[in-house]
Amino acid sequence: MGWRAGTALELKELDEFLLARAMEHDSPTLLFRLACEYLISAKVIRPGPVTVVKRVAHAREAARRETFDRLADEFTEERRAGLDELLVVDAAIGMTRLRWLGKGPVEASPAAVKAEVAKLEFLRAMDADRLDLSVLPAERRRFLATVGRRSTAQALARRDPERRYPILLTLVAQSATEVLDEVVQLFDQAVSAREGKAERKMRGALAERAKAGEDHQALLDVILAVVADPVVPDEEVGGLLRGELVGWERLRAAQSAALPPLPRDHGHLAALDGSYGYLRQFTPQVLEAVPLAGGTAAADLLAAVEVLRGLNASGARKVPAGAPVGFVPARWRGYLQDAAAAGDTSAYRHYWELCVLLALRDGLRSGDVWVPGSRRYSDPAAYLLTPAKWADQRGEFCRLVGKPADAAAGLALLEEELHAALGELERTLAAGDGPVRLDEAGDLVISPLSAEDVPAEAVALKAELTEMLPFAPIVSLLIEMDKRTGFLGCFTHAGGKQARSPELKRNLIAVLIAQSTNLGLTRMADACGISYDILAWTAEWYVREETLRAANLALIGYHGKLPLTAVLGSGTLSSSDGQRFPTRGKSVTARALSRYFAHEGLSTYTHVTDQHTTYGTKVIVATRREAHYVLDEILGNATDIPITEHATDTHGVTLVNFALFDLLGLQLSPRIRDLGKITLYRTAPKAQVVDAFPLAGPLLTRRANTELIAAHWDDLLRLAGSLKFGHATASLLVGKLSASGRQNALAAALKEYGALRRTVYAARYLSDAAYRRKISRQLNKGESLHALKRDLLYAHEGAVRARHLEQQTEQAWCLTLVTNAVVTWTTEYYGLAVAAMRAAGRIVDDQVLAHISPAHSENINFFGAIDVDIEGELAQLGPTGYRPLRVRDTLF
């Protein structure tokens, strides 16, 4: 069969393979599995497990030595002393510098911004921003930095130098990038908060102005009534108005209270001037600490930033003559012109500097301005595959997504789809009496979908199945699901340690329940009898986004194999939506949003399949556009679920998303509010389109710039390929492309293409009522899971108390994991109950079952005492490994 025994040569090759893998992963179990897979692929008979374990241990030790050797040139005496000082309490700050670097900001205040700038300057003094650690694999760097971040200063000080110094070096190198990004983000957030405050102030002033204008309008009505009355002689008009009809006093009062004309922005910039002193508390430090660069479109702005830096350094107050103003929007130029005409140098300085800061913020968002050394704000070109790499991968990408590399062929396919969709819409409109029709004026009328009629037998069947399901505390449910899926085994030690105590599963279950129910570790320690210290240590070293994702995949994989899952959905359709949670305490992710929160809150953006499982969760700022995050989890989807179509509500829709979904071989299917009011595009002259489609053609009011699309076709494919092959994060690129102005030709071409794709989709959506209902049904599945999460997160009134993004993300994933466990458990027992019915001769139609959602909690208890007794719970399962179904009481 071609197999051979493991001689010294084969074992040496195994050692080389394991060393390469150990440089990327430090988990002994993973390395053992990889070693076995390697031997199978090489057709080498595996030695005894003890031999393999010894070679894994040898590879891990060799990887530690190799790591130190590769970085040896960096460990000068001065560098070693600086790294050791991180572990010593600094009297100036009252803590170790290691802990100080790990304390993130909780608000975008001047003090917080300056604190992050101080960290940045400290790291630069250590040359952390100039470290080149590319000699280590990215996974090795990430692993070492994670160990450093989660370890105490005392624990690191006890490690031998060969282990300690690489950990600290990778930590400070990663911190230099993260702190730089944090400074820019806080700058954006602080400036935006003041701009929002100015906008609210402006609106209040406009409301007061409108009230004052009512008196003027009433007076004008009286005056016009006299002036326009032909019966009143001309020579008597003045007397009537100045007399008892109006009176001198009222006329003079109205004249003195006359309001000056408003500037083009209705006073927005003037209102922001009230925050000038606040912004000056931190903006000079940010401009001094953050390096900036940009393209030709940002040349004027960058020159203005240099002028402002010079003013800050010299203390000068007057903006020099000839300072750039080309970047100032037209709506604000009047402020500068009026101040210059009046010779008011102070006002000119204020308005000019505010314009610089706002333009800089917008430039950083769109990518016109970038920050060298940053990850989130770097040159947008760095997010794309290089031309050389793209040339090698273009063919493979086009084959994967089914797109031609030739622009003419691509546009021909698009036009063919557009004509087919318009033909369907033409036939729908020709019927004239359907839910989608034209009124007498030729405007589109779209009647709302009626509420879906859930069959009465589905309602009765769900009630019957719920009565048959056993009751289970949440602890019992998690223990039972771990027995069948082994998801708790996905929680590995962040430091690579593998010795798992017998109590580890018990501790993990307690931590998961504490996070998902919002009880917190302190209350959970009281409820379950496990000490707080043990729970905190377990959460710190085992529960992180990486392990939570792996455990979630184990549950989704098991759920996908259950007999009832295929009845619930095909698994090719998914949806995403945001769910808001209130917060307590300050956090940089929390925002005030009166529609959802009494004070402040955040959003979790989740991706849900049509089989009721959640495969993605991301914590986002509640006021940011959800559309930027739609593609993230779809492209990063590590499940076996083949997502080909994705539904969102209006918040998840942009022209950029329509374009990117199609270029990636996916279908975006949103439910768009006010669909009849969106602009539809055509590819030909209006007369030609109207001639071909007399009813649908007039609705296409704008012609797309297909020449621009054709000119940038290869760039559009390269952009999509960079996302497909994981070279860039979708949310980062979508956010920058959506914020880009018309001068960005690639963004403009992408939006033109997206406009055509949206037109194709709208025509198909309007033509097919069944399709519209399918999208609505999928979005409702997401809402049912949101309701289940609200039931789970019951403690502390459902308010998230974690203050930093990493902690909030871990809690969101704990909630997702437990929600999926509930859905999987319910789906499995529903299937057992249905099988019991059918075995008894009952006919249960799959079409009726498809209406029954497993996202419910009627049979699960989240409250009461929590006793994590794994052996005791498993002993309660029947001989089949399941809890017995309940028998319905048929006496009454």
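As the structure is a computational prediction, the values presented were derived from the model and not from experiment.

### Remarks on the overall build of the protein
- Secondary structure assignment for the protein yields 37 helices and 15 strands.
- The C-alpha atoms of the protein give 33 Å as radius of gyration, which agrees with the globular expectation for 892 residues (29 Å, within 12%).
- If you line up the protein on its principal axes, its C-alpha atoms span 115 × 80 × 60 Å.
- Residue burial in the protein is summarised as follows: out of 892 residues, 50% are buried.
- Across the protein, the fraction of contacts at a sequence separation of at least 24, relative to all contacts at a separation of at least 6, is 75%.
- Taken as a whole, the protein presents about 41300 Å² of accessible surface, with 53% of it coming from carbon and sulfur.

### Comments concerning the pattern of salt bridges
- Evaluated as defined, the whole model comprises 44 salt bridges.
- Across the salt bridge formed by Arg349 and Glu353, the nearest N and O atoms sit 2.9 Å from each other. Taken together, the residues Arg349 and Glu353, both in helix α17 (residues 345–366) and four residues apart, mark about one turn of the helix. Of the two residues examined, Arg349 and Glu353, each falls in the buried class.

### Some details on the nonpolar core
- The biggest cluster of nonpolar side chains holds 99 residues, and the ones touching the most others in it are Leu83, Leu269, Leu292, Phe327, Trp352 and Leu364.
- In this structure, Trp352 is in contact with Ala304, Val307, Leu308, Leu311, Val319, Ala323, Pro324, Val325, Phe327 and Leu336, ignoring residues within four places of it in sequence.

### Describing the pairing of strand β10 (residues 614–620)
- With six of seven residues buried, β10 is to be regarded as a mostly interior element.
- Pairing of strand β9 (residues 601–609) with β10, which is carried by six bridges, proceeds in the antiparallel orientation. In the strand pairing of β10, His607 is matched with Gly616.
- Counting the residues that bridge the hairpin from β9 to β10 gives four residues, and of these His612 lies at a positive phi of roughly 75°.

### Let's talk about a nonpolar patch on the surface
- A cluster of nonpolar residues, Met1, Trp3, Ile40 and Ile45, forms a patch on the protein surface that exposes about 510 Å² of accessible area.
- Counting through the fold element by element, Met1 comes out in the segment before α1 (8–22).
- Given the relative accessible area of 89%, Met1 is considered exposed.

### Here we look at the sheet that holds strand β8 (residues 573–582)
- Within the open sheet, the five strands sit side by side as β10-β9-β8-β11-β12. Their pairing is mixed. Looking along the sheet, the strands with just one partner apiece sit at the ends: β10 and β12 (667–668).
- Relative to β12, strand β11 (residues 645–647) runs parallel, the two sharing two bridges. Note that in β12 the partner of His646 across the bridge is Leu668.
- The strands that helix α34 (residues 769–792) touches are β8, β9, β10, β11 and β12; relative to β8, the one it contacts most, it runs at about 40°.

### Notes on the environment of Arg309
- Residue position: Arg309 is located in helix α15 (residues 299–314).
- A residue is classified by how much of its surface remains accessible, and Arg309, at 17% relative accessible area, is buried.
- For the pair Arg309 and Leu877, spaced 568 residues apart in sequence, the C-alpha to C-alpha distance is 71 Å.
- Residue contacts for Arg309: discarding those within four places in its chain leaves Leu287, Val290, Pro291 and Leu292.
- At 2.8 Å, the side chain of Arg309 forms a polar contact with the backbone oxygen of Val290.

### A few points about the pairing of β9
- In terms of burial, β9 is largely enclosed, as nine of its nine residues are buried.
- Taken together, the nine bridges between β8 and β9 define a ladder with antiparallel strand orientation. When the sheet's bridge partners are listed, Gln579 is paired in β9 with Thr604.

### Considerations on helix α20 (residues 456–468)
- The first and last C-alpha atoms of α20 sit 19 Å apart over 13 residues, in line with the 18 Å expected at 1.5 Å per residue.
- Within the span of α20, buried status applies to Ala458, Leu461, Glu464, Leu465, Thr466 and Met468.
- As for α20, its buried residues are in contact with α35 (805–839) and α36 (846–849).

### Comments concerning the packing of α20 against α35
- The geometry of α20 relative to α35 is characterised by a closest axis approach of 10 Å and an angle of 105° between their N-to-C directions. Our classification of the angle between α20 and α35 gives roughly perpendicular. Contact residues: Leu461, Lys462, Glu464, Leu465, Thr466 and Met468 in α20; Tyr830, Ala833, Val834, Ala836 and Met837 in α35.
- Residue composition of the contact of α20 with α35, by class: eight nonpolar, one polar and two charged.

### Regarding the packing of aromatic side chains
- Enumeration over the complete set of coordinates arrives at 19 aromatic pairs.
- Between Phe68 and Phe75, the aromatic rings sit 5.2 Å apart at their centres with planes inclined by 20°, giving stacked as the arrangement.
- On the basis of relative accessible area, Phe68 is assigned to the buried category, the value being 12%.
- Phe75 gets classed as buried once you look at its relative accessible area, which sits at 6%.
- Aromatic side chains Trp100 and Phe122 sit 5.6 Å apart centroid to centroid with 85° between the ring planes, which places their arrangement in the edge-to-face category. With Trp100 in helix α5 (residues 97–102) and Phe122 in helix α6 (residues 110–125), the pair connects residues that are 22 residues apart, well separated along the chain.
- Looking at Trp100, the relative accessible area reads 14%, which means it is buried.
- Connected via pairs of aromatic rings, a cluster forms that spans Phe658, Tyr761, Tyr765 and Tyr771.
- Over the face of the ring belonging to Phe122 we find Arg97, whose NZ or CZ atom lies 4.8 Å from the ring centre.

About the cut-offs
- Residues numbered from 1 in each chain as written.
- Predicted model: local features only at pLDDT ≥ 70, side-chain atom pairs only at ≥ 80, totals over all residues.
- Heavy atoms only, no water.
- Helix = DSSP H or I, 4+ residues; strand = E, 2+ residues; numbered from the N terminus.
- Rg over C-alpha atoms; globule rule 2.2 N^0.38 Å.
- Buried < 20%, exposed > 50% of the residue type's maximum accessible area, 1.4 Å probe, protein only.
- Contact = heavy atoms within 4.5 Å.
- Areas by Shrake-Rupley, 256 points an atom, 1.4 Å probe, with all protein chains shown as cover.
- Salt bridge = Lys/Arg side-chain N within 4 Å of Asp/Glu carboxyl O.
- Core = buried A, V, L, I, M, F, W, Y, C linked by side-chain atoms within 4.5 Å.
- Pairing = 2+ DSSP bridges.
- Patch = residues over 30% accessible without salt bridge, like charges linked within 9 Å, V, L, I, M, F, W, Y side chains within 5 Å.
- Axes fitted to C-alpha atoms, helices over the stretch in contact; angles between N-to-C directions.
- Polar contact = N/O pair within 3.5 Å; in protein donor to acceptor, adjacent residues only side chain to side chain.
- Expected span 1.5 Å × (residues − 1).
- Parallel < 35°, antiparallel > 145°, perpendicular 65-115°, else oblique.
- Nonpolar A, V, L, I, M, F, W, Y, C, P; charged D, E, K, R; others polar.
- Phe/Tyr/Trp six-rings, centres within 6.5 Å; stacked < 30°, edge-to-face > 60°.
- Lys NZ or Arg CZ within 6 Å of the ring centre and 35° of its normal.

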